[in-house]
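# Observations on chain architecture
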Amino acid sequence: MNRYALIGHPLGHSMSPLIHEKLFALSGKSDCSYELIDIAPEEIANSRELISSLCGLNVTIPHKQAVIGLVDKLAESAQRYNSVNCIDCKNGVLTGYNTDCDGFLRSAEQLPLGGNVAILGCGGVGRMIAIETALHGGNITLAVIPQDIKNAQLLMAEILQKCSGASVRIVEITQLSGSFDLLINATPVGMYPKIDACAVSDEIIKNSGSVFDVIYNPTETLLMKKARAMGKTAVGGAAMLVYQAVKAHEIWYGGSFSAADINGIIKEVEKAVDGMNK
């Protein structure tokens, strides 16, 4: 049996087994298994042998930086973010990748990333989204809470260093105004169980062409509901979750999937998430 796994701590409930088992089944890979392996932070430095025993793995919090010292090579995506969420193990060589950026770009490919983009939040996922948006020519407004202004300034400097000539400004989220082609929520505001929260006013949503929310639980956040009620396109985080897994299968064994197959898995993930909340 070819073993694949997700490592992290604590792992709790994860959608990863559902997604990866579906992708293996679509590929006819009946000889592949996927498991969850909880590794405490103090144990990760001694986990090279365990990681090498797997054919491939995904990495989640808090190990995305810690595993960098365990791999032999970093793909360009992992170098760009100094973060690894996918490891490929071939012929004893461990290569680290970052497929979060692929997940975001593929799930947002119908959205105007190159326009005026307001990004709410500047944490791990917000940082990645802001850099990818800059690389795609977007004019970025980073909207953050007051205590995150310093982090936003560091991110702004990083964006300008990675993408010279990029357009970036910082505002406090309560002061956000104007019109945007795309509004992206990269904060946990609206996440289950606090589903009645929305990070911005109705006015901001009204003045935004499209909405992307990284949250996948609930499958339709209040932000998305409001945007759709106004007739706008709104994409949730389940698609991003599935597409980053798809990229891992492409890396691991050259997996190839149709859009219909991927959309089917996204719907299954959303159904599973909705079932968890009942």
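Before going into details, it helps to say that this report is about the structure given with it. Nothing here was measured: the structure is a model prediction, and the numbers come from that model.

### Brief notes about the side chain of H20
- Counting through the fold element by element, H20 comes out in helix α1 (residues 16–26).
- If near-sequence neighbours (up to four positions away) are discounted, H20 is found in contact with Y34, N58, A245, A248, H249 and W252.

### Looking at a nonpolar patch on the surface
- Residues M191, Y192 and I195 make up a contiguous nonpolar surface patch of about 260 Å² in total accessible area.
- Mapped onto the secondary structure, Y192 falls in the loop between β10 (180–185) and α7 (202–206).
- Its relative accessible area of 39% is what places Y192 among the partly exposed residues.

### Side note on the packing of aromatic side chains
- Considering all chains together, one arrives at four aromatic pairs under this definition.
- With a centroid separation of 5.0 Å and 45 degrees between ring planes, the pair formed by Y4 and F24 is classed as tilted. In this pair, Y4 sits in strand β1 (residues 2–8) while F24 sits in helix α1, placing the two residues 20 residues apart along the sequence.
- Here the aromatic rings of F104 and F212 are separated by 5.3 Å at their centres, their planes lie at 85 degrees, and the arrangement is edge-to-face. With F104 in helix α4 (residues 100–107) and F212 in strand β11 (residues 208–213), this pair connects stretches of sequence that are 108 residues apart.
- A connected cluster of aromatic rings, assembled from ring pairs, spans Y4, F24, W252 and Y253.

### Section: the pattern of salt bridges
- Going through the model one piece at a time under the given rule, you end up with 12 salt bridges.
- Among the ionic pairs, R3 bridges to E35, the shortest N-O distance being 2.8 Å. In this pair, R3 is assigned in strand β1 and E35 in strand β2 (residues 32–38), connecting sequence segments 32 residues apart.
- The class of R3 is partly exposed, set by a relative accessible area of 29%.
- Among the residues examined, E35 registers a relative accessible area of 27% and is labelled partly exposed.

Reading the values: rules and limits
Residues numbered from 1 in each chain as written. Predicted model: local features only at pLDDT ≥ 70, side-chain atom pairs only at ≥ 80, totals over all residues. Heavy atoms only, no water. Helix = DSSP H or I, 4+ residues; strand = E, 2+ residues; numbered from the N terminus. Contact = heavy atoms within 4.5 Å. Patch = residues over 30% accessible without salt bridge, like charges linked within 9 Å, V, L, I, M, F, W, Y side chains within 5 Å. Areas by Shrake-Rupley, 256 points an atom, 1.4 Å probe, with all protein chains shown as cover. Salt bridge = Lys/Arg side-chain N within 4 Å of Asp/Glu carboxyl O. Buried < 20%, exposed > 50% of the residue type's maximum accessible area, 1.4 Å probe, protein only. Phe/Tyr/Trp six-rings, centres within 6.5 Å; stacked < 30°, edge-to-face > 60°.

So yeah, pure geometry; function would need other evidence.
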